[in-house]
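# Per-entry structural report
The primary structure of each chain is shown beneath.
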Amino acid sequence: MAEERMAAKARRAGQALGALLALTAVAGCGNGQAKVGPPEVFVEGPVAKEVTDFVAFTGRTEASASVEVRSLVSGYLRKAHFADGAIVERGDVLFETEGRGRRAEVARAEADLQQAEARFQRLNRDSWRARKLWPTAAMSKEEADKVLGEQDETGAEVAEARAALDLARLNLGHTRICAPIGGQIGRRSIDPGNLIKADETVLATIVSLGPIRACFDLDERTLLKLWRAGPTCEGRTVVQLGLADEQGFSLTGALDFLDNRVDPRTGTLRVRVVVESSQHLLSPGMFVRARFPVGPPHRALLVPQQAVGTDQGESFAYVLDDEDEVTYRHVTVGPVFDGWQVVKTGLAPQDRVVVGELQRVRPGTKVVPRRRGKENGPAR
């Protein structure tokens, strides 16, 4: 029995070895028949276009005018005449404070003025008689001087009472708080019934609806480039602006202000751009990207951005020679325009540049080139 089991085991081992040899032979025949050809790659020729070099910065928008509404007199807030977020015109009444006390002050100032004027009229008549009687010795010089002096003092009291009345009327007018500028008002920061302090309590904030401005901090190198480049359009430096939800630059503006000194702590200069037409897309405090031109328009070669790779901080491109073999080219790049990379050095107009999937090929590899289709390059 033991000999029969050993014989059966030997037969099974021989059958397994035969099957393995058969599979190896089949696999060897298959490798000999299936030959892998050269990989296919997309190629594109550089496009010559007129471009303008630029530098990009980020900044924030701000309103052309912003005012914190405060009261010029203290008192209890009685009424608010606007809805939060409404559009207001200059001079519109926004708030009212309690005015009964101010009206009483006006009435008292009017009474004081009438009293002073009546006394002045009486002393005016006394002074007229004193001037008549003193030369005839019917009145002593001391009495005449006293009457004339009291008239002068009363004249000053009349002027003081008139100024007090003007101040009381002015304070009464300040119980109606009006909009100092036109624009959009925010929410009120205090409700009616609360006490407000003069020149201290902020009631609301108004921002103008005029041109929106965007502020940026430029470094010294870029600042010198801008100064040397000069204006780009009709005496103005035109700047392109992009919003947070877009890749491109849909808005344009003009540089209208440069600060008078560079901040020595940061080495930057604050500049301001006025947005020409925002279609009400911008509000103060929004994030924006800006593209500043730093030179005149010039001709340049551009390739799709996917055609340029980086290796240890150096830019490169793969170019096909006459035998469709991949060659390595070190290139110097410039800015990107709508997905097209400016190549300053390293490429010629007649080159065939590999576009995309640069990790699939290596220098010296023979490939099958395929054209991506007719491309006209970036639209600028």
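Small disclaimer: the values here were computed from a predicted structure and weren't measured.

### Here's the deal with the overall build of the protein
The number of helices and strands found in the protein is four helices and 24 strands. In the protein, the proportion of contacts linking residues at least 24 apart, taken out of those at least 6 apart, comes to 76%. Here the protein has roughly 23400 Å² of accessible surface; of this, 51% comes from carbon and sulfur atoms.

### Remarks on the pairing of strand β16 (residues 287–293)
Buried residues dominate β16, accounting for six of its seven residues. With seven bridges joining them, strand β3 (residues 54–62) and β16 adopt antiparallel strand pairing. Note that in β16 the partner of Ala56 across the bridge is Arg291. Direction of pairing for strand β13 (residues 238–243) relative to β16: antiparallel, over a ladder of four bridges. Looking at β16, one finds that Gln240 is bridged to Arg291.

### Comments concerning the sheet that holds strand β11 (residues 202–207)
Pairing is antiparallel in the open sheet, where four strands are placed in the order β4-β11-β9-β6. Looking at the sheet topology across the chains shown, the edges are occupied by β4 (66–70) and β6 (87–88). With two bridges joining them, β6 and strand β9 (residues 183–185) adopt antiparallel strand pairing. Across the sheet, the residue bridging to Ile87 is Gln184, located in β9.

### What to know about a nonpolar patch on the surface
Taken together, the side chains of Leu224, Trp227 and Leu258 make up a nonpolar region of the molecular surface, amounting to roughly 290 Å² of accessible area. For Trp227, the position within the fold is in helix α4 (residues 220–229).

### Things to note about the packing of aromatic side chains
What the rule picks out here adds up to seven aromatic pairs. An angle of 65° between the planes, with centres 6.4 Å apart, marks the rings of Tyr318 and Tyr328 as edge-to-face. Placement of Tyr318 in strand β19 (residues 314–320) and of Tyr328 in strand β20 (residues 326–330) is noted, with a sequence separation of 10 residues between them. When its relative accessible area of 38% is taken as the criterion, Tyr328 is described as partly exposed. A network of ring pairs unites the aromatic residues Phe57, Phe216 and Phe292 as a single cluster. The ring centre of Phe54 lies 4.5 Å from the NZ or CZ of Arg291, which sits over that ring.

### A closer look at the nonpolar core
As a rule of thumb, nonpolar side chains are buried together in soluble globular proteins. In terms of nonpolar packing, the biggest core is built from 22 residues, with Phe216, Leu241, Val271, Val273, Leu282 and Phe292 touching the most fellow members. At the level of elements, β3, β12 (213–219), α4, β13, β14 (251–258), β15 (268–275) and β16 are the ones that each hand at least two residues to this core. For this core, the element with the highest residue contribution is β15, accounting for four residues. Ignoring sequence-local partners within four residues, the contact set of Val273 consists of Ile212, Arg213, Ala214, Phe216, Val239, Leu241, Gly253, Ala254, Leu255, Asp256 and Phe292.

### Concerning the environment of Glu62
With respect to the helices and strands, the residue Glu62 is situated in strand β3. Residues Glu62 and Ile212, 150 residues apart in the sequence, show an inter-C-alpha distance of 6.2 Å.

### Structural notes on the side chain of Gln341
With respect to the helices and strands, Gln341 occurs in strand β22 (residues 340–345). Among the polar contacts made by the side chain of Gln341, one reaches the main-chain carbonyl oxygen of Gly334 at a distance of 2.6 Å. Those residues in contact with Gln341 that sit more than four places away from it in its chain are Leu301, Leu302, Val303, Pro304, Gln305, Val308, Val333, Gly334, Pro335 and Val336.

### Quick word on the confidence of the model for the protein
Mean pLDDT over the protein works out to 82, with 81% of the residues at or above the 70 mark. The low-confidence segment residues 6–11 (pLDDT under 50) makes zero contacts with residues lying over four places distant or belonging to another chain.

### Things to note about the sheet that holds strand β5 (residues 75–80)
With antiparallel pairing, four strands are arranged side by side in an open sheet as β8-β7-β5-β10. Strands at the two margins of the open sheet, each flanked by one partner only, are β8 (176–178) and β10 (195–196). Inspection of the sheet shows strand β7 (residues 93–97) paired to β8 by three bridges, in the antiparallel sense. If you follow Glu96 over to β8, its bridge partner there is Arg176.

### Notes on the pairing of strand β1 (residues 40–44)
Taken together, the four bridges between β1 and strand β24 (residues 368–371) define a ladder with parallel strand orientation. Bridge pairing in β24 links Val41 to Pro369. Of the pairings in the sheet, the one linking β1 to strand β23 (residues 352–354) comprises two bridges and is antiparallel in character. Of the residues in β23, the one forming a bridge with Val43 is Val354.

### Quick look at α4
Taken together, the buried positions of α4 are occupied by Thr222, Leu223 and Leu226. Around the axis of α4, the buried residues are gathered within 105° of arc, so they sit on the same side. Exposed side chains of α4 directed beyond 90 degrees from the buried face belong to Arg221, Trp227 and Arg228. Elements in contact with the buried residues of α4: β3, β12, β14, β15 and β16.

About the thresholds
- Residue positions are counted from 1 within each chain, in the order its sequence is given.
- Only residues with pLDDT of 70 or above have their local features reported here, since the model is predicted, and side-chain atom pairs are shown and tallied only from 80 upward, although totals for entire chains, interfaces and linings are computed over all residues.
- Remark: hydrogens and water are excluded; side-chain values derive from all non-hydrogen atoms of the structure.
- Only DSSP runs of H or I reaching four residues or more are called helices, and only runs of E reaching two or more are called strands; each is numbered from the N terminus.
- For this analysis, residues touch if any pair of their heavy atoms sits within 4.5 Å.
- Each accessible area value is a Shrake-Rupley result obtained with a 1.4 Å probe; residue values ignore everything except the protein chains displayed when judging cover.
- The classification of residues rests on relative accessible area computed with a 1.4 Å probe and restricted to protein chains. Under 20% of the type maximum is buried, over 50% is exposed, and intermediate values are partly exposed.
- Strands qualify as paired when DSSP identifies two bridges or more between them.
- For patch detection, residues must exceed 30% relative accessible area and be free of salt bridges, and they are connected within 9 Å for like charges or within 5 Å for nonpolar side chains (Val, Leu, Ile, Met, Phe, Trp, Tyr).
- When a carboxyl oxygen of Asp or Glu is within 4 Å of a side-chain nitrogen of Lys or Arg, the pair counts as a salt bridge.
- Working definition: rings of Phe, Tyr and Trp (its six-membered ring) pair if their centres are within 6.5 Å, and the pair is stacked with planes under 30 degrees apart, edge-to-face with planes over 60 apart, and tilted otherwise.
- For a ring to carry a charge above it, either NZ of a lysine or CZ of an arginine must fall within 6 Å of the ring centroid while also lying within 35 degrees of the normal to the ring plane.
- In these notes, a set of buried Ala, Val, Leu, Ile, Met, Phe, Trp, Tyr and Cys residues joined through side-chain atoms within 4.5 Å is what counts as a nonpolar core.
- Under the rule applied, a polar contact is a pair of N or O atoms within 3.5 Å (in protein, one hydrogen donor and one hydrogen acceptor; residues adjacent in sequence only if both atoms are side-chain atoms).
- For every residue, the predictor assigns a confidence score, pLDDT, that lies between 0 and 100.
- Taken from the helix axis, the directions to the C-beta atoms give the arc we talk about.

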